[in-house]
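Spelled out, the chains give:
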Amino acid sequence: MWRENLYRPAEVLVREHDVFPIGEHRHAFFELTWIRFGTGTFGMTGETPGTWRGTLAYGPGTLLLVPPEALHRFTVGTRTGFVFIRFTGSYIAESLGTFVEQALLASATPCITPEGGNAAAVQALVGMLTAEPEAADGFSSPLRQQLVGSIVTLAARSALHRSATPLPAPPEGDKDARLVAYIQRNIHRPERLKTEVLCGMFHISPGYMGRYFKRRFHESLREYIAGSRIRAVERMLCDSRMSIKEIAYKMGYTDSSHLIRAFRAHYGMSPTRYRAARTGDSY
């Protein structure tokens, strides 16, 4: 059985199929599927506790939600255009807040097609997202991120409206949101992101912090901080003319060699080569 992982916080795939190339499968992330055109069926087995089980028909404008680890399959009736928006739980927590994730998981059905103005908004946003190229001009990446975030948020609203049990309002000053916001604000200050500092600020015991973060964000605190630093480095490589040495200094690396090793471990190439591939520059 096919099982897929996601190696970035969010990604978008645009595909057309006469026959869906994968049978019954599961993946370790959330997936929203927007049907651009075509007809067919979608089914989930319900093997994962709490997930919906059954088969439903899809058509143009259908929005489907697959939660992590849900066993599912598409059966194409007529040639279908799919837009797959995939994202991790940590992406939701970092960018949108845990209430959005709770709303997505609360849906009583995978068909969460919005209605009225929300449906028109999702259709327009998906159109903008698929039309926007992944250009290295400094604007494409943040624009695509904003579009994905808006679509996911509207999907969560629709999912919550279809929920069997309404969720309570998101708590004011949500600890999870404040924690990731603090990490992002201080991602260039490693001394402020030590475990003992975070535990003191957010009133979490040192012995519990690791389990707390893993359970809430589906990766370790160390992995999250390291990944966030590398993504910040990637943005600077593509959106600025700073040298590798300057970026290393700004991001709090001991020296440029430490940055280069961390970047190569994550992306499989040096920062200089990555910048040249994305922008055509090697300064």
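Everything below is about the structure shown above.
Residues numbered from 1 in each chain as written. Predicted model: local features only at pLDDT ≥ 70, side-chain atom pairs only at ≥ 80, totals over all residues. Heavy atoms only, no water.

(A) Main features of the pairing of strand S4 (residues 30-44). Burial analysis of S4 places eleven of its 15 residues in the buried class, the great majority of the element. Here 13 bridges tie S4 to strand S7 (residues 72-87), and the two strands are oriented antiparallel to one another. Residue Gly43 lies in a different strand from S7, and its bridge partner there is Arg73. Note that S4 and strand S6 (residues 63-66) share four bridges and pair antiparallel. (Buried < 20%, exposed > 50% of the residue type's maximum accessible area, 1.4 Å probe, protein only. Helix = DSSP H or I, 4+ residues; strand = E, 2+ residues; numbered from the N terminus. Pairing = 2+ DSSP bridges.)

(B) A look at the packing of aromatic side chains. This model, assessed by the stated rule, comprises 19 aromatic pairs. Considering the side-chain rings of Phe42 and Phe74, the 5.1 Å spacing of their centres and the 55 degrees angle between planes classify their relative orientation as tilted. With Phe42 in strand S4 and Phe74 in strand S7, the pair connects residues that are 32 residues apart, well separated along the chain. A centroid spacing of 4.5 Å and a plane angle of 50 degrees characterise the contact between Phe213 and Phe217, whose relative ring orientation is tilted. Note that Phe213 and Phe217 are positioned in helix H7 (residues 206-217) at a spacing of four residues, about one turn of the helix. A single burial state applies to Phe213 and to Phe217, both of which are buried. Here a set of aromatic residues connected by ring pairs shows up, and it is made of Phe20, Phe42, Tyr58, Phe74, Phe82 and Phe84. (Phe/Tyr/Trp six-rings, centres within 6.5 Å; stacked < 30°, edge-to-face > 60°.)

(C) Spotlight on unusual backbone geometry. Despite not being glycine, Glu69 shows a phi value in the positive range, around 70 degrees. Residue classification places Glu69 among the partly exposed positions, given a relative accessible area of 25%. Backbone geometry places His218, a non-glycine residue, at a positive phi of 65 degrees. Structurally, His218 can be placed in the loop between H7 and helix H8 (221-239).

(D) View of the side chain of Arg144. Examined against the element boundaries, Arg144 turns out to sit in helix H4 (residues 140-161). Reaching out from Arg144, the side chain makes a polar contact with the backbone oxygen of Leu129 at a distance of 3.4 Å. (Polar contact = N/O pair within 3.5 Å; in protein donor to acceptor, adjacent residues only side chain to side chain.)

(E) Examining the pattern of salt bridges more closely. In the structure shown here, the tally under the stated rule is six salt bridges. The salt bridge partner of Arg36 is Glu16, with a shortest N-O separation of 3.8 Å. Of this pair, Arg36 sits in strand S4 while Glu16 sits in strand S2 (residues 10-17), placing them 20 residues apart in sequence. Take Arg36: its relative accessible area is 36%, and that puts it in the partly exposed class. Residues Glu191 and Arg189 are paired through a salt bridge, measuring 2.7 Å at the closest nitrogen-oxygen approach. We classify Arg189 as partly exposed; its relative accessible area is 29%. In this structure, a network of salt bridges that share partners links the residues Glu16, Asp18, Arg36 and Arg79. (Salt bridge = Lys/Arg side-chain N within 4 Å of Asp/Glu carboxyl O.)

(F) Highlighting the nonpolar core. Ranked by internal contacts, the top residues of the largest apolar core, which has 33 residues, are Leu179, Ile183, Val233, Met251 and Leu259. For this core, the elements supplying multiple residues, two or more each, are helix H5 (175-185), helix H6 (195-202), H7, H8, helix H9 (244-250) and helix H10 (256-267). Here the element with the most residues in this core is H8; it accounts for nine residues. The contacts of Val233, once residues within four sequence positions are left out, are Ile247, Met251, Tyr253, Leu259 and Phe263. If you look at the next biggest cluster of nonpolar residues, it comprises 27 residues, including Ile85, Val152, Leu154 and Ala159. (Core = buried A, V, L, I, M, F, W, Y, C linked by side-chain atoms within 4.5 Å. Contact = heavy atoms within 4.5 Å.)

(G) The arrangement of H7 in detail. Taking 1.5 Å as the rise per residue, H7 with twelve residues should run 16 Å; its terminal C-alpha atoms sit 17 Å apart, in good agreement. When H7 is considered as a whole, its buried residues turn out to be Met209, Tyr212, Phe213 and Phe217. Here the buried residues of H7 occupy an arc of 95 degrees about the axis, which is enough to place them on one side. Facing away from the buried surface of H7 by more than 90 degrees, the exposed residues are Gly207 and Arg211. Buried-residue contacts for H7 involve helix H1 (89-95), H5, H6 and H8. Positive backbone phi, approximately 65 degrees, marks His218, located one or two places after H7. (Expected span 1.5 Å × (residues − 1). Arc of directions from axis to C-beta.)

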